[in-house]
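Single-letter residue listing:
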Amino acid sequence: IIGFITGATNISADVSRSTTWVMGTPPDDAGAITLFSTVIYSSGWAALRGTSNGNQLSLSADEIAWIGLVSHEHTHRDHIEAQGAVSFYSEYGEEFAAGIASGLSWEDAYHSISTELIAYNVEDRITDYLKSNSNPVASILNSNLSNERKELNLRHVGLRDVYIPSLENVIGKVAGQLNSATGEEAGFLRGTLDVLTNQLNDAQTRKAELERQINDD
């Protein structure tokens with residue numbers, strides 16, 4: 001399933017290859033926690049890891065929840081790799097402490113941490129897609145393709161159906177804001193639009209390359 005998440009999030013597959021998943025007891029009844037290069041997940045998820053419900057046409061609610069959890073922790077792993085563990089955990093702790101100091105509850109302070117906001121956004125985007133259209137993912141998972149071919153096809157689905165549409169949606173919003181912006185704000189939005197457009201072009205190029213690989217084989 002990492003192939004799908006890689007495509008849907010634009011996170012390098014190298015991050016998943018360098019991640020170790022271990023069943024254990026995360027603190028505070030969490031479903032999972034990421035510690036450096038290791039993800040400790042609750043035993044409640046053990047039966048779902050790497051499984052399918054056997055239905056050729058859909059994924060179960062539990063399977064979708066598991067994929068969402070993996071995407072959440074995968075996002076944290078990407079942040080740790082890009083930012084460095086010391087910087088990541090220092091900022092994480094500082095933001096949590098600032099939330100507590102401002103009077104937030106533990107739960108609200110946790111949900112106010114910037115990297116958690118990003119990870120939950122990724123998780124929601126992926127689970128929302130799967131809840132409405134899990135057929136492409138389920139059919140690939142239940143196919144007779146090799147694991148390598150499954151990963152390739154799932155990466156294509158994630159890129160085509162989740163990542164590219166989400167980029168196009170953001171580009172549309174920024175373009176709409178630019179129409180009424182002036183001065184420094186307009187300059188900032190134009191720069192943002194250029195970056196997003198380049199990301200979209202890169203994603204379209206990767207999608208075309210994946211399609212070439214799929215069709216060639």
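Because the structure is a prediction, the values reported are computed rather than measured. (Residues numbered from 1 in each chain as written. Predicted model: local features only at pLDDT ≥ 70, side-chain atom pairs only at ≥ 80, totals over all residues. Heavy atoms only, no water.)

Trainee: Just checking my understanding: could you explain the overall build of the protein for this structure?
Mentor: Secondary structure assignment for the protein yields nine helices and three strands. Ordered by position from the N terminus, the helices and strands of the protein form the series α-α-β-β-β-α-α-α-α-α-α-α. Computed over the C-alpha atoms, the radius of gyration of the protein is 19 Å, within 12% of the 17 Å expected from 2.2 N^0.38 for a compact globule of 217 residues. Over its C-alpha atoms, taken along the principal directions, the protein stretches across nearly 55 × 45 × 30 Å. Every one of the 217 residues in the protein was classed for burial, and the buried ones make up 38%. Summed over all atoms, the accessible surface of the protein reaches about 11,600 Å², with 51% contributed by carbon and sulfur. Looking at the protein, you have 14 positive and 29 negative side-chain charges, and the mean spots of the two groups are 9 Å apart. (Helix = DSSP H or I, 4+ residues; strand = E, 2+ residues; numbered from the N terminus. Rg over C-alpha atoms; globule rule 2.2 N^0.38 Å. Buried < 20%, exposed > 50% of the residue type's maximum accessible area, 1.4 Å probe, protein only. Areas by Shrake-Rupley, 256 points an atom, 1.4 Å probe, with all protein chains shown as cover. Lys, Arg positive; Asp, Glu negative; His and termini not counted. Charge placed at Lys NZ, Arg CZ, Asp CG, Glu CD.)

Trainee: Mind showing me how you'd approach helix H6 (residues 114–132) here?
Mentor: Note: α-helices contain 3.6 residues per turn, so residues at a spacing of three or four share the same orientation. Taking 1.5 Å per residue as the helical rise, H6 with its 19 residues ought to reach 27 Å, and the 27 Å between its terminal C-alpha atoms agrees with that figure. Packing partners of the buried residues in H6 comprise helix H1 (2–9), helix H3 (61–83), helix H4 (85–101), helix H5 (106–111), helix H7 (135–141) and helix H8 (147–180). (Expected span 1.5 Å × (residues − 1). Contact = heavy atoms within 4.5 Å.)

Trainee: I tried to follow the pairing of strand E2 (residues 32–35) on my own but got confused; where do I start?
Mentor: Here is the key point about a regular strand: its side chains alternate between the two faces of the sheet. Only one face of E2 is buried: it carries Ala32 and Thr34, and the other face, with Ile33 and Leu35, is open. With four bridges connecting them, E2 and strand E3 (residues 38–42) associate as antiparallel partners. Bridge assignment links threonine 34 to a residue of E3, and that residue is valine 39. Between the antiparallel neighbours E2 and E3 lie two residues, among them phenylalanine 36 with a positive phi of about 60°. (Pairing = 2+ DSSP bridges.)

Trainee: Honestly, unusual backbone geometry in this entry has me stumped. Any pointers?
Mentor: Generally, phi is negative for residues other than glycine and the peptide bonds are trans, each holding for most cases. With phi around 65°, asparagine 10 is a residue other than glycine that occupies positive phi space. A relative accessible area of 37% places asparagine 10 in the partly exposed class.

Trainee: What's the story with the nonpolar core in this structure? I'm lost.
Mentor: Soluble globular proteins: nonpolar side chains tend toward being buried together. Counting 24 residues, the largest nonpolar core has Phe4, Leu130 and Val137 as its most contacted members. Contributing elements (two or more residues each) for this core: H1, E3, H3, H6, H7 and H8. With five residues, the single largest contributor to this core is H3. In contact with valine 137, not counting residues within four places along its chain, are Ile1, Phe4, Leu59, Tyr129, Leu130, Leu154 and Val157. (Core = buried A, V, L, I, M, F, W, Y, C linked by side-chain atoms within 4.5 Å.)

Trainee: Sorry, what's going on with the pattern of salt bridges here?
Mentor: Opposite charge on two side chains permits pairing when their charged atoms draw close. The tally for this structure, following the rule as stated, stands at six salt bridges. Across the pair aspartate 14 and arginine 17 runs a salt bridge, and its minimum N-O distance is 2.9 Å. Highlighted residues: aspartate 14 and arginine 17, both in helix H2 (residues 13–17), separated by three residues, approximately one helical turn. The network of salt bridges with common partners includes Glu209, Arg212 and Asp216. (Salt bridge = Lys/Arg side-chain N within 4 Å of Asp/Glu carboxyl O.)

Trainee: Where do I start with the packing of aromatic side chains in this structure?
Mentor: Two aromatic rings are characterised by how far apart their centres lie and by the angle between their planes. In this structure the tally under the stated criterion is nine aromatic pairs. Ring centres of phenylalanine 4 and tyrosine 129 lie 6.0 Å apart, and the angle between their planes is 25°; on these two criteria the pair is classed as stacked. Taken together, the positions of phenylalanine 4 in helix H1 and tyrosine 129 in helix H6 put the pair 125 residues apart, joining distant regions of the chain. The exposure classification of phenylalanine 4 matches that of tyrosine 129, with both residues buried. Judged by centre distance (5.8 Å) and plane angle (40°), the ring pair of phenylalanine 88 and tyrosine 92 falls under tilted. On the criterion of helical spacing, the pair formed by phenylalanine 88 and tyrosine 92 is a turn pair, its members being four residues apart in helix H4. Residue classification places phenylalanine 88 among the buried residues on the basis of a relative accessible area of 3%. Within the aromatic cluster, the residues linked to one another by ring pairs are Phe36, Phe88, Tyr89 and Tyr92. (Phe/Tyr/Trp six-rings, centres within 6.5 Å; stacked < 30°, edge-to-face > 60°.)

Trainee: I keep staring at the side chain of lysine 207 and nothing clicks. Help me out?
Mentor: Mapped onto the secondary structure, lysine 207 falls in helix H9 (residues 183–216). According to the relative accessible area criterion, lysine 207 is buried, its value standing at 19%. Among all residues touching lysine 207, those that are not within four sequence positions of it are His156, Leu159, Arg160 and Ile164.

Trainee: In this structure, what is going on with the packing of H1 against H3? I would like to understand it.
Mentor: When two helices pack together, you describe them by how their axes are tilted relative to each other and by the distance separating the axes. Relative orientation of the contacting elements H1 and H3 amounts to 55°, with a least axis distance of 10 Å. Compared by their axis directions, H1 and H3 come out oblique. Note on packing geometry: the crossing formed by H1 with H3 is right-handed. Facing Ile2, Phe4, Ile5 and Thr6 of H1, the residues of H3 in contact are Ile67, Val70, Ser71 and His74. Its residues assigned to classes, the contact of H1 with H3 shows five nonpolar, three polar and no charged. (Axes fitted to C-alpha atoms, helices over the stretch in contact; angles between N-to-C directions. Parallel < 35°, antiparallel > 145°, perpendicular 65-115°, else oblique. Left-handed = near helix turned anticlockwise from the far one by under 90°. Nonpolar A, V, L, I, M, F, W, Y, C, P; charged D, E, K, R; others polar.)

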